Amino acid sequence: MSAAERGLAVIPLSRTKLPALRSPHHDEPHPALCHGECGRLGHGVYDASTDPRRIRELFAAAPWTTGYGIACGLPPHHLIGIDLDTKSGTDAPAALRELALRHLFTIPDTVVVTTPSGGRHLWLAGPPGAVVPNSAGRLAPGIDIRGAGGYLVGPGSRTEHGVYNTVPGTAHLPPAPCPPALLRLLVPPPHAAHQPPHQPPHQPSHPAGHASAETQRGHGLVQFVLAAHEGQRNTRLFWAACRAYENGIGEALAPQLTDAALRVGLTEREAHSTIASAARLTGRA
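Analysis parameters
- Residues numbered from 1 in each chain as written.
- Predicted model: local features only at pLDDT ≥ 70, side-chain atom pairs only at ≥ 80, totals over all residues.
- Heavy atoms only, no water.
- Salt bridge = Lys/Arg side-chain N within 4 Å of Asp/Glu carboxyl O.
- Helix = DSSP H or I, 4+ residues; strand = E, 2+ residues; numbered from the N terminus.
- Expected span 1.5 Å × (residues − 1).
- Buried < 20%, exposed > 50% of the residue type's maximum accessible area, 1.4 Å probe, protein only.
- Arc of directions from axis to C-beta.
- Pairing = 2+ DSSP bridges.
- Axes fitted to C-alpha atoms, helices over the stretch in contact; angles between N-to-C directions.
- Contact = heavy atoms within 4.5 Å.

Visitor: Tell me about the pattern of salt bridges, residues and numbers included.
Guide: Pairs can form between side chains of opposite charge whenever their charged atoms are close. Enumeration according to the criterion identifies six salt bridges in this entry. Between Asp47 and Arg54 there is a salt bridge, with its nearest N and O atoms 3.9 Å apart. Overlapping salt bridges bring together Asp47, Arg54 and Glu57 as one network.

Visitor: Give a detailed account of helix α3 (residues 92–103), specifying residues and quantitative values.
Guide: For α3, built from twelve residues, the straight-helix expectation of 16 Å at 1.5 Å per residue is met to within 8% by its first-to-last C-alpha distance of 16 Å. Buried residues of α3: Ala92, Ala95, Leu96, Leu99, Ala100 and Arg102, and no others. The buried residues of α3 occupy one face: seen down the axis, they fall within an arc of 165°. Directly beyond the C-terminal end of α3, a positive phi value near 60° is found at Leu104.

Visitor: Give a detailed account of helix α7 (residues 250–263), specifying residues and quantitative values.
Guide: Here α7 is 14 residues long and its end C-alpha atoms lie 19 Å apart, about the 20 Å a rise of 1.5 Å per residue gives. Those residues of α7 lying buried are Gly250, Leu253, Ala254, Leu257, Thr258, Ala260 and Ala261.

Visitor: Give a description of the sheet that holds strand β8 (residues 151–153) that names residues and reports values.
Guide: What the three strands build is an open sheet, ordered β1-β2-β8; its pairing is antiparallel. Only two strands of the sheet have a single partner each, and these edge strands are β1 (10–13) and β8. The mean inter-strand angle of the sheet, taken between neighbouring strand axes irrespective of direction, is 35°. The pairing of strand β2 (residues 67–71) with β8 spans three bridges and is antiparallel. Paired with Ala71 across the two strands is Tyr151, which belongs to β8. Across the face of the sheet, helix α2 (residues 52–60) comes into contact with β1 and β2 while running at roughly 10° to β1.

The values reported here are purely geometric and, on their own, carry no functional implication.
And the structure:
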């Protein structure tokens, strides 16, 4: 009820974290593709509601419930869940930090929920027009996304592996707006027209034009680093180096990027380390 008062639509969950109510179409020979249009309970996240009367009806129908799910993608918050896993040797928080450095965004103060396995759920709010799909590992290993049609296990829920809890100091916060740069990574791009395959640098289809474009692009990346203020120098260098390696000019541009980094106040060791990190991240090391 507390979650519903905050505008978060809920459903009852079992100890296995699955919706507690069985589909009313389960025993039908040819189950209908129904999202609750039939008027009966048991349609998973499509049952989610903020209406107290409806919530009482849902949970009364599943007295064995030990937790609740919070539907993502619904107004008013259009909730997006960032699930940071720590199982299977993955370090999802580190992967998210790398993405934040690479794409120049920061995660704002928001609700954070701990999972029994040691992972964390970050709650973010999306804009009304964006449809964020669910995904597992697409953004980076160990990072799952809960968007439209998905749900997050609510804090206080008890599962067969333990209890979900809100990180102290975050329970009172509203879901913070998703940073635009992160949102661009989460929302699939529109289908682009067919592009010809990328030509390797040593076999350009138009040598003169290709060289000119490389020179212009490299100059822009160097200027981007030179414009850095204190507190953003390393971030800008990392971003520029990633773009350079992705465009096949990383090795050629590395000395100029290093020089630019030195001019804005980084040490030579810091510059070399950051550029090497960009090379590893982009698979060019």
